[in-house]
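Read off the chains here:
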Amino acid sequence: MQSKLIPLALALAFAGSAGAQEVVKIGHVAAISGPSAHLGKDDENGARLAIEDLNAKGFKINGKAVKWVLMPEDDASDPKQGTAAAQKLVDAKVNGVVGHQSSGTTIPASKIYYDAGIPQISGAATNPVYTRQGFNTAFRVVANDSKLGGSLGKYAVQKLGAKRIAVIDDRTAYGQGVATEFAKAAKGPGVAIIDKQFTNDKATDFNAILTSIKSKNPDLIFFGGMDSVGGPLLRQMKALGIKAKFMGGDGICTEALPKLAGNADDIVTCAEAGGVLPEQKKNMDDFAVRFKKRFGVDVQIYAPYYYDAVMAMATAMADAKSADPGKYLPYLAKVKYKGITGLIAFDKYGDIQDGALTLFTYKGGKKTLLEVVK
């Protein structure tokens, strides 16, 4: 009887050790509902693909394979919902967070993660304030608005020859931030900002502000905001017979913009707050193929950056031999991870080192590369 019980005891002990496999929980927050849901889901799927890859390859921490789990939350681009989502992830004792999507939710949420000592990497938030609050837990893998808006301002004047420029923003932290930086940089002989207008991130009627702008005869209109507003704004701009070029940041630089605008060909110049140099293009193309096979949709914009954010976090945990936030945080600050989008390494603020951006236009309803700016 005793000899028969020994194998059973060993089997139960093995089952217990298997059940005790360490679980590493990565939170992700973005707008999964509302007008920017297509962008938020894109980000979430990028993070999800990274989690699936880590599990498939048996990625180890301190010599032990761990189970990786994605914990997604929806903030609907609303700051209050964003802080509630952040607190929920803190209470769930996540090991790290990739997100949020918009600057307006990323910035207030960052204080909650900082107070809890949980590292946060955003793959989309570009407002400079995010990494200038003194929070050693805050990182981003894309260029900030100083680079994004500033480069667009210079391009508008130097390459597009804009002289009479109108600026519109949606009053969000992102929209105002990128529009402000654009206006600072759009300078040159004979160049004037002839009008500044604002709307909101849920607006649908732009007739009043566009009529005012039309009377001042602009040759370029810059919009700081997302494609859900920028697309209809461009559609109404054309309906009013405004012949000006249309420019914006990463918020409008999506595959969805032509559908929302009716047509964006030869009108729009936009930029992604990430710059993929020629040597990374194959990696990006291969990722896009894998992404579509897995999720059945094309990459919108920042999925690969969220993929790299998860992988950079995992690399820091491996370097630290621990998934404990307090232990791997110093390793994250000095991580060097060769990702799909390029080298992930951070400066003293938590910004991506040597952050680049990519300028696009639209041809045949598709984004077409103009140039990469370092």
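Model, not experiment: these values are computed from the prediction.

Reading guide: rules and limits
Residues numbered from 1 in each chain as written. Predicted model: local features only at pLDDT ≥ 70, side-chain atom pairs only at ≥ 80, totals over all residues. Heavy atoms only, no water. Helix = DSSP H or I, 4+ residues; strand = E, 2+ residues; numbered from the N terminus. Rg over C-alpha atoms; globule rule 2.2 N^0.38 Å. Buried < 20%, exposed > 50% of the residue type's maximum accessible area, 1.4 Å probe, protein only. Contact = heavy atoms within 4.5 Å. Areas by Shrake-Rupley, 256 points an atom, 1.4 Å probe, with all protein chains shown as cover. Lys, Arg positive; Asp, Glu negative; His and termini not counted. Charge placed at Lys NZ, Arg CZ, Asp CG, Glu CD. Pairing = 2+ DSSP bridges. Axes fitted to C-alpha atoms, helices over the stretch in contact; angles between N-to-C directions. pLDDT = per-residue confidence, 0-100. Disulfide = S-S within 2.5 Å. Phe/Tyr/Trp six-rings, centres within 6.5 Å; stacked < 30°, edge-to-face > 60°. Parallel < 35°, antiparallel > 145°, perpendicular 65-115°, else oblique. Nonpolar A, V, L, I, M, F, W, Y, C, P; charged D, E, K, R; others polar. Right-handed = clockwise from strand over helix to strand, strands pointing away. Core = buried A, V, L, I, M, F, W, Y, C linked by side-chain atoms within 4.5 Å.

## Digging into the overall build of the protein
Tallying secondary structure elements over the protein gives twelve helices and 16 strands in all. A globule of 374 residues ought to have a C-alpha radius of gyration of about 21 Å, and the protein, at 23 Å, matches this closely. Projected onto its principal axes, the C-alpha coordinates of the protein cover approximately 95 × 40 × 40 Å. The 374 residues of the protein split such that 55% are buried. Sequence-distant contacts, at least 24 apart, represent 68% of the contacts inside the protein between residues at least 6 apart. Within the structure as shown, the protein displays about 16000 Å² of accessible surface, and the carbon and sulfur contribution to it stands at 55%. Side chains of the protein carry 47 positive and 37 negative charges; the gap between the two charge centres is 2 Å.

## Points about the sheet that holds strand E1 (residues 23–30)
Strand order in the open sheet formed by five strands is E4-E1-E5-E6-E7, with parallel pairing between adjacent strands. Every other strand in the sheet has two partners, leaving strand E4 (67–74) and strand E7 (138–140) as the edge strands with one partner each. Geometrically, the sheet is characterised by an average inter-axis angle of 25 degrees between neighbouring strands, direction not taken into account. Where E1 lies against E4, eight bridges are found, and the strand directions are parallel. Within E4, the position partnered with Val-23 by the bridge is Lys-67.

## Focus on the confidence of the model for the protein
Confidence along the protein averages 92 in pLDDT terms, with 94% of residues attaining 70 or more. For residues 9–18, every residue scores under 50 in pLDDT, and the model assigns this stretch zero contacts once sequence neighbours within four places are set aside.

## Some thoughts on the state of the cysteines
Tallying each qualifying case throughout the model produces one disulfide. One disulfide in the model links Cys-253 with Cys-270; its S-S distance is 2.2 Å. Sign of the S-S torsion, about 60 degrees for the bond between Cys-253 and Cys-270, identifies this disulfide as right-handed. Of the two residues, Cys-253 is situated in the loop between strand E11 (245–248) and helix H9 (257–261) and Cys-270 in strand E12 (residues 268–272); the sequence distance between them amounts to 17 residues. Side by side, Cys-253 and Cys-270 carry an identical accessibility label, which is buried.

## Remarks on the packing of aromatic side chains
Scanning the model with the defined rule gives eight aromatic pairs in all. When the ring of Tyr-114 is compared with that of Phe-135, the centres are 4.5 Å apart and the planes differ by 15 degrees; the resulting orientation is stacked. You can see Tyr-114 sitting in helix H4 (residues 103–116) and its partner Phe-135 sitting in the loop between strand E6 (120–122) and E7, a full 21 residues away along the chain. Both rings, one in Phe-287 and one in Tyr-307, keep their centres 5.4 Å apart while their planes meet at 70 degrees; by these two values the pair is edge-to-face.

## Overview of the environment of Ala-208
Relative to the helices and strands, Ala-208 is located in helix H7 (residues 207–214). Distance from Ala-208 to Arg-294, taken between C-alpha atoms, is 44 Å for residues 86 residues apart in sequence.

## Some words on the packing of helix H2 (residues 37–56) against helix H10 (residues 281–295)
Between H2 and H10, the least distance of the axes is 11 Å, while the angle of their chain directions is 95 degrees. One element, H2, and the other, H10, form an angle in the roughly perpendicular class. Taken together, the residues of H10 that come into contact with H2 (itself represented by Asp-42, Asn-45, Gly-46, Arg-48, Leu-49, Glu-52 and Asp-53) are Phe-287, Arg-290, Phe-291, Arg-294 and Phe-295. Split into classes, the residues belonging to the contact of H2 with H10 amount to four nonpolar, two polar and six charged.

## What to know about the packing of H10 against helix H11 (residues 303–320)
The geometry of H10 relative to H11 is characterised by a closest axis approach of 11 Å and an angle of 95 degrees between their N-to-C directions. Regarding the angle of H10 to H11, the classification is roughly perpendicular. Counting all contacts with H10, which are made through Met-284, Phe-287, Arg-290 and Phe-291, the residues of H11 involved are Ala-303, Pro-304 and Tyr-307. When the residues that make up the contact of H10 with H11 are grouped by side-chain class, the tally is six nonpolar, no polar and one charged.

## Describing the pairing of strand E9 (residues 192–198)
Examined bridge by bridge, strand E8 (residues 164–169) and E9 share six bridges and lie parallel to one another. In the strand pairing of E9, Ile-168 is matched with Gln-197. Note on the crossover from E8 through helix H6 (residues 173–185) to E9: the handedness is right-handed.

## As for the nonpolar core
Of all hydrophobic cores here, the largest spans 98 residues; its most connected members are Trp-68, Phe-182, Phe-246 and Val-268. Top element by residues in this core is H11. It accounts for 13 residues. Grouped together as the second largest cluster of nonpolar side chains are eleven residues, Val-29, Ala-85, Leu-89 and Ile-118 included.

## Topic: the sheet that holds strand E10 (residues 220–224)
Taken in spatial order, the seven strands line up as E9-E8-E10-E11-E12-E15-E16 in an open sheet, and their pairing is mixed. The two strands at the open ends of the sheet, each matched to only one other strand, are E9 and strand E16 (366–373). Ignoring which end each strand starts from, the neighbouring axes of this sheet average 25 degrees apart. Lying on the sheet, helix H5 (residues 145–158) is in contact with E8, E10, E11, E12, strand E15 (357–363) and E16; it crosses E12 at an angle near 150 degrees.

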